Amino acid sequence: MRILITGAAGFLGSHLSDRLIKDGHDVVGMDNFITGSQDNIVHLMGNEHFSFYKHDISNYIFVPSKLDAVMHFASPASPNPASPLAYFNLPIQTMKAGALGTHNTLGVAKANHARFLLASTSEIYGDPTEHPQKETYAGNVDITGPRAVYDEAKRFAESLTLAYHRQHGVDTRIVRIFNTYGPRMDLDDGRALPNLLRLALLNQPLTVYGDGGQTRSFCFVDDLIDGIVKLLYSDEHMPVNIGNPVEMTILEFAHTINKITGNKAGVVFVDARSARDPQRRRPDITRAKDLLGWEPKVNLEEGLMKTIDYFKMKLGIA
Ligand code: UDP
């Protein structure tokens, strides 16, 4: 297949590009570098199976050659207000990427009779009142809160994707992505893993927001990409959760990072939780197991070891 990937210079988009090229496909990457990085795709430049366009997908998209699939991964995605890359700080760009960008990429898929896959998010569940989150749960999103620009844009994107499927017969897929980590994460994007792992490698105390009792589950990027590719190859049109179901508190997560890195500086509790920071989050992955035969294979310790090498390289630590 010849596959357009928007957000190809991002954390997930670049891993997806690598995997699809490895599977024998041609990838057309697109990114405007608002949060993506050239470092993530520099190794693909010159590869005959990869081409690249610098473009803002909230504007009309033109790709001259015929496409077989379109995967829409472009969006600011960091939830941490401390980061300049956070969607809190890029509210209009975030809404445009999820709304106009989804409209434009669906248009490209329709014109090419191509398969379409939308990168959606666990954020569409908001601060969930149902736990773990199944795909049937409608969510608890604060429409006017600071996270709404991301959450509501992705909710709109899902509805628009299904509208194109139902009205125009576009062959669509929707993946709801839960917290993911691994090499090529932006060290400064303010999320829990980059923040805490960077601090641990610098032998500093890990900043735990609030009392650290809020929970998440962390999926290693290779597992996540494998689930997404299986969904692309499937014929499932309704949303599928992809994420790791091993839930832990952020305090437990911080202790694990300190243990693995040998950091003796402990943790420090700071009052920095962002508004409507979800209290609990864990995917119900029954649909992914039943429909795709997928479940994550990499445990947290293994995944952290693989991520540490990348962080050390970026931090210049031997
Ligand atoms: N968090 C933390 N310390 C940090 C960064 C994040 O305790 O240095 C917490 C944050 O408040 C949230 C959780 O870790 O409850 C996960 O945050 P992240 O930004 O990774 O993404 P989210 O799951 O909120 O979308």
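Residues numbered from 1 in each chain as written. Predicted model: local features only at pLDDT ≥ 70, side-chain atom pairs only at ≥ 80, totals over all residues. Heavy atoms only, no water.

**Q** Is there a simple way to think about the pattern of salt bridges in this case?
**A** All chains considered together, the criterion is met by 19 salt bridges. A salt bridge links Asp171 to Arg115; the nearest nitrogen and oxygen atoms lie 3.9 Å apart. In this pair, Asp171 is assigned in the loop between helix H4 (148–168) and strand S6 (172–177) and Arg115 in strand S5 (residues 115–121), connecting sequence segments 56 residues apart. One network of salt bridges, in which partners are shared, links Glu123, Arg147, Arg216, Asp277 and Arg281. (Salt bridge = Lys/Arg side-chain N within 4 Å of Asp/Glu carboxyl O. Helix = DSSP H or I, 4+ residues; strand = E, 2+ residues; numbered from the N terminus.)

**Q** Honestly, the sheet that holds strand S11 (residues 240–242) in this entry has me stumped. Any pointers?
**A** The strands that make up a sheet are held in pairs by hydrogen bonds between backbone atoms, and each pair lies either parallel or antiparallel. A sheet is described by the order of its strands in space; here seven strands give the open sequence S3-S2-S1-S4-S5-S6-S11, paired in parallel fashion. Where the open sheet ends on each side, the last strands, each with one partner, are strand S3 (50–54) and S11. Averaged over all adjacent pairs, the angle separating strand axes in this sheet is 20 degrees, with direction ignored. Sheet topology places S6 next to S11; three bridges connect them, and they run parallel. In the strand pairing of S11, Ile177 is matched with Ile242. Packing against the sheet, helix H1 (residues 11–22) makes contact with strand S1 (2–6), strand S2 (26–31), S3, strand S4 (69–72) and S6, and its axis sits at approximately 170 degrees to S1. Those strands touched by helix H6 (residues 221–233) are S1, S4, S5, S6 and S11, and its axis lies near 160 degrees from that of S6. (Pairing = 2+ DSSP bridges. Axes fitted to C-alpha atoms, helices over the stretch in contact; angles between N-to-C directions. Contact = heavy atoms within 4.5 Å.)

Structural measurements only, silent on function.
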